[in-house]
Amino acid sequence: MINKDRIVKTFCEISEIDSPSGEEDIIAEKLINLLKGFGLNVFKDDYGNVIANDGRDNPIMLSAHMDTVEPSRGVVPVVDGDKIVSEGNTIVGADAKCGIAAILEALESVKEDNNVTHPIEVVFTKEEEIALLGARNLDFSKIKSKEALVFDSEGPPNRIVSMSPTYVSFDISVKGIGAHAGVEPEKGLSAILIGSHIMSKMPQGRLDPHTTFNVGLVDGGTVRNAVPEDIIIKGEFRTSDDKIITDLKSNIKYAVTSTKKEFPEALIDLHLNTDFETYSVDSEDSTFIKVEKAIGEIGLKPVLKDSGAGTDGNIFRKNGIKAVVVGMGANHMHTLDEYVNISDLFNAAKVCEKFILK
Ligand SMILES: [Zn+2]
């Protein structure tokens, strides 16, 4: 049976292990040992993702990511009523260690009760928080599942991500001409001025209910009294609408090319990259139906919610695995106020168990 004290203990144990993105080796070793304890075949792929299976055909996948955002070193988890918070100035690692704890608790519970389950595959990825790198580099030749339950969303486990957007990032670098600002500014060409022309031709903020656009980083100039030679502009947009993807890409290209015409002496470089692609889950989706059933079996009602973010689910979907992403009891993710709602974490383990039970 799913055990509340045990899942809280498991969460706290893994929350104490430092695992910022790119430094998942120690937590991976711990998880490999735990998974072996459930009698699973466990290995790491070449990239460092942890994969486990029970050797049977047509498995269903359970997945969460091992890495956490900073500041996440030296986390001291504290149980405070129905919450687990961090002591001090770190996140608590609810994202996505709640998911890992829920999966481990479900596996522990079915083992102790000698329950018959569907064939199971477990994937704990690394570097989800840096543009889904772990999932992107996952060795899919070693993955047999066609369906996946992914724990990586805020709130209770009956909250299902119904849509995740396409994410396009862009980098614009401008090279102008440096000069002394007081002695010979006429010989200079301000990269910052050019950058501001480019930015003024791009939209910002929420453009429609499913589209957002942001310039998040501008880095230019060196000192107050020099005409700045360089500027770098980093931005992103997210949308679920294919036409808007094309339109916004054209808009960015136009901002660059038209500014180039205004400042022919400047060198302007644009890089656009589609980091991950949109998906949506409909009521006919076979994995969605299974997840909905598991949620119903523990007495909760599924709540569909569009997301503005991507998860490993986007990459799994792109690779032919019908992934459904659910809440895991995490709240205020990516902030120092992050906390675990213990009742939701407990229910996440219950949903996970129902999902794998035959
Ligand atoms: Zn996450």
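Residues numbered from 1 in each chain as written. Predicted model: local features only at pLDDT ≥ 70, side-chain atom pairs only at ≥ 80, totals over all residues.

**Quick look at helix H7 (residues 286–297)**
Point 1. For H7, with 12 residues, the first-to-last C-alpha span of 17 Å sits near the 16 Å given by 1.5 Å per residue.
Point 2. Buried residues of H7: Thr287, Val291, Ala294 and Ile295, and no others. Summarising the axial view, the buried residues of H7 lie within an arc of 100°, below the 170-degree limit, and thus occupy one face. Turned more than 90 degrees off the buried face of H7, the exposed positions are Ser286 and Ile289.
Point 3. Those residues of H7 that are buried are in contact with strand S7 (147–154), strand S8 (159–164), strand S18 (322–331) and helix H9 (342–356).
Point 4. Just past H7, the residue Gly299 takes up positive phi, approximately 85°. (Helix = DSSP H or I, 4+ residues; strand = E, 2+ residues; numbered from the N terminus. Expected span 1.5 Å × (residues − 1). Buried ≥ 20, exposed ≤ 12 C-beta atoms within 10 Å, placed from the backbone. Arc of directions from axis to C-beta. Contact = placed C-beta atoms within 7 Å.)

**Quick word on the packing of helix H5 (residues 191–200) against helix H6 (residues 242–262)**
Point 1. Orientation of H5 relative to H6, taken along the N-to-C sense of each, is 140°, at an axis distance of 9 Å. Taken together, the axis directions place H5 and H6 in an arrangement best described as oblique. Here H5 runs over H6; the crossing is right-handed. Taken together, the residues of H6 that come into contact with H5 (itself represented by Ile194, His197 and Ile198) are Ala255, Val256, Thr259 and Glu262.
Point 2. Here the contact of H5 with H6 is built from residues that sort into four nonpolar, two polar and one charged. (Axes fitted to C-alpha atoms, helices over the stretch in contact; angles between N-to-C directions. Parallel < 35°, antiparallel > 145°, perpendicular 65-115°, else oblique. Left-handed = near helix turned anticlockwise from the far one by under 90°. Nonpolar A, V, L, I, M, F, W, Y, C, P; charged D, E, K, R; others polar.)

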